[in-house]
Amino acid sequence: MNQLKYSKKLMKYFKNPKFIKNIKNPDGVGEAGNIRCGDIMKMKIKVKNNEIKDISFQTFGCPAAMASSDVVCELAKGKTLKAAKKLKKEDIIKKLGGMPPIKIHCSVLGIQALKKAIKNYEKKSKK
Ligand code: FES
């Protein structure tokens, strides 16, 4: 059997995610799905003065998706919306100490959900 080799850092994030929680009354919510596996990611943000003050995720996803999303939250928290929008999958993979090539598609789920949450917030705040 071909076993996936995850980095130690990835396993650390997977086993101890800090951002799996449910933020009440979020300012923005974003959901992303992975068509390759059917997994779903939901991200919620709290925004103040154009900065992400709090962030959380909930998922039906694999270890790579969970670890990536925890890193997305860690990197996005405290950033301005503009800076958070610039996060790329390469930033996430680097922070995780690499990712098996077959799992790269999982690393984008969190970023997509974050960007949708920001869009949702921007749409609501225009009203
Ligand atoms: S296998 Fe579905 S997100 Fe990784």
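Presented here is a report on the structure given in the accompanying data block. (Residues numbered from 1 in each chain as written. Predicted model: local features only at pLDDT ≥ 70, side-chain atom pairs only at ≥ 80, totals over all residues.)

### Let's talk about the packing of helix α1 (residues 8-15) against helix α2 (residues 63-76)
Part 1 of the argument: Here α1 crosses α2 at 85°, and the two axes come no closer than 8 Å. Of the possible angle classes, the one that applies to α1 and α2 is roughly perpendicular. Counted together, Leu10, Tyr13 and Phe14 of α1 and Pro63, Ala64, Met66, Ala67, Asp70 and Val71 of α2 form the full contact between these two elements.
Part 2 of the argument: Among the residues forming the contact of α1 with α2, the class breakdown is eight nonpolar, no polar and one charged. (Axes fitted to C-alpha atoms, helices over the stretch in contact; angles between N-to-C directions. Helix = DSSP H or I, 4+ residues; strand = E, 2+ residues; numbered from the N terminus. Parallel < 35°, antiparallel > 145°, perpendicular 65-115°, else oblique. Contact = placed C-beta atoms within 7 Å. Nonpolar A, V, L, I, M, F, W, Y, C, P; charged D, E, K, R; others polar.)

### Some words on the packing of α2 against helix α6 (residues 109-126)
Each pair of packed helices can be summarised by the angle the axes make with each other and by the distance between the axes.
Part 1 of the argument: Taken N-terminus to C-terminus, the directions of α2 and α6 make an angle of 45°; their axes are 8 Å apart at the nearest point. Here α2 lies oblique to α6, going by the angle between them. Two secondary-structure elements touch here, α2 through Ala65, Ser68, Ser69, Val72 and Ala76 and α6 through Leu109, Gly110, Ile111 and Leu114.
Part 2 of the argument: Its residues assigned to classes, the contact of α2 with α6 comprises six nonpolar, three polar and no charged.

### A few points about the pairing of strand β1 (residues 28-33)
Part 1 of the argument: A one-sided burial pattern is seen for β1, the buried positions being Gly28, Gly30 and Ala32 and the unburied ones Val29, Glu31 and Gly33.
Part 2 of the argument: The pairing of β1 with strand β2 (residues 40-48) spans six bridges and is antiparallel. Counted as the bridge partner of Gly30 is Met43 from β2.
Part 3 of the argument: Counted along the chain from β1 to the antiparallel partner β2, the turn is six residues long, and its residue Gly38 has a positive phi close to 85°. (Buried ≥ 20, exposed ≤ 12 C-beta atoms within 10 Å, placed from the backbone. Pairing = 2+ DSSP bridges.)

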